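Below are the chains, spelled out letter by letter.
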Amino acid sequence: MPETAAPATELTSQYVAQVTNDLERNVKEQERLSEEIASLQEQLAAVQHDHTVLVNVQQALGITEVPAQPAAEAESAAVPSPRHKTGAARGRKKAGKSTAAPKKAAAKKPVVKSAEVAKAAQPTLVELIRRHLVGLEEPRSAAEISAALGQAHPERQFADKVVRVTLEGLVAKSQAERIKQGRSVFYTAPKPADASEAEAQPAAAEH
């Protein structure tokens, strides 16, 4: 009996050591995957924020087309595990995307129309900024103009970056003036003399 018990005890010890090592590796793998998922979620949040800013800039520039919503926004709530995805599931997922594509394309027109109707019902950002500049007694920074517009129109959102881009567009069209003081940049409405000179130049060119 002791001779047979010794090999069994040694074999059990080997199994225990192997299971312990496998368990440690499994825990480390879970930690690594959790860190990767957290990092990817942070990157996704940053990209989604940039997407929102770009859409606001696009609307400020007068582009009425609404870009298609990225699929990542719909799936950001849950990150699927690649280990449990089978070939059949991947095939069903691809088939679902292919069949849903026409519905998505068909639903795009009503979204664009509703956006155009909503936009026509209220003044554009360019119009609001031009009106605000005319009423200023002294130059203001883009952040100050953005804050003033937010107080005057609490139902709308005004990002400082979008307001700054719109102001630069007005400066390029001679519909606003940029004043630089050190590292700070301020904006104001164009002077009447500058506006008359700008109108006189095309007339002189025609003669």
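Relevant structure appears above.
In this text the structure is predicted, and so the values were computed from the model without any measurement.

A. Representation of the pairing of strand S2 (residues 184-188). Note that strand S1 (residues 177-181) and S2 share five bridges and pair antiparallel. Within S2, the position partnered with Arg178 by the bridge is Tyr187. Hairpin connection, S1 to S2: the antiparallel pair is bridged by two residues, and Gly182 has positive phi, about 65 degrees.

B. Spatial organisation of the packing of helix H6 (residues 142-152) against helix H7 (residues 160-172). Look at H6 against H7: their axes get within 9 Å of each other, and the N-to-C directions meet at 110 degrees. In terms of orientation, H6 and H7 fall into the roughly perpendicular class. The handedness of the crossing between H6 and H7 comes out as right-handed. On H7, the residues touching Ala142, Ala143, Ile145 and Ser146 of H6 are Asp160, Val163, Arg164 and Leu167. By residue class, the composition of the contact of H6 with H7 is five nonpolar, one polar and two charged.

C. Highlighting helix H5 (residues 125-134). Of all the positions in H5, only Leu125, Leu128, Ile129 and Leu133 are classed as buried. For H5, the buried positions fall inside an angular range of 130 degrees around the axis, keeping them on one side. When the buried face of H5 is taken as reference, the exposed residues oriented beyond 90 degrees from it are Arg131 and Val134.

D. Molecular detail of the pattern of salt bridges. Taken as a whole and judged by the stated rule, the model has five salt bridges. We note a salt bridge from Arg32 to Glu36, for which the minimum N-O separation is 2.5 Å. Highlighted residues: Arg32 and Glu36, both in helix H1 (residues 2-60), separated by four residues, approximately one helical turn. Exposure remark for Glu36: the relative accessible area of 37% places this residue in the partly exposed category. Glu138 serves as the salt-bridge partner of Arg140, at 3.4 Å between the closest nitrogen and oxygen. Judged by its relative accessible area of 32%, Arg140 falls in the partly exposed class. Linked through salt bridges whose partners overlap, the residues forming this network are Glu29, Arg32 and Glu36.

E. How the structure looks around a nonpolar patch on the surface. Taken together, the side chains of Leu61, Ile63 and Val165 make up a nonpolar region of the molecular surface, amounting to roughly 250 Å² of accessible area. In this structure, Val165 sits in helix H7.

F. Seen up close, the side chain of Glu177. Checked against the element boundaries, Glu177 lands in strand S1. Of the side chains bearing the opposite charge, Lys191 lies closest to the buried Glu177, which forms no salt bridge; the N-O distance is 5.2 Å. At 3.4 Å, the side chain of Glu177 forms a polar contact with the backbone nitrogen of Lys191.

Rules of the game
Residues numbered from 1 in each chain as written. Predicted model: local features only at pLDDT ≥ 70, side-chain atom pairs only at ≥ 80, totals over all residues. Heavy atoms only, no water. Pairing = 2+ DSSP bridges. Helix = DSSP H or I, 4+ residues; strand = E, 2+ residues; numbered from the N terminus. Axes fitted to C-alpha atoms, helices over the stretch in contact; angles between N-to-C directions. Parallel < 35°, antiparallel > 145°, perpendicular 65-115°, else oblique. Left-handed = near helix turned anticlockwise from the far one by under 90°. Contact = heavy atoms within 4.5 Å. Nonpolar A, V, L, I, M, F, W, Y, C, P; charged D, E, K, R; others polar. Buried < 20%, exposed > 50% of the residue type's maximum accessible area, 1.4 Å probe, protein only. Arc of directions from axis to C-beta. Salt bridge = Lys/Arg side-chain N within 4 Å of Asp/Glu carboxyl O. Patch = residues over 30% accessible without salt bridge, like charges linked within 9 Å, V, L, I, M, F, W, Y side chains within 5 Å. Areas by Shrake-Rupley, 256 points an atom, 1.4 Å probe, with all protein chains shown as cover. Lys, Arg positive; Asp, Glu negative; His and termini not counted. Polar contact = N/O pair within 3.5 Å; in protein donor to acceptor, adjacent residues only side chain to side chain.

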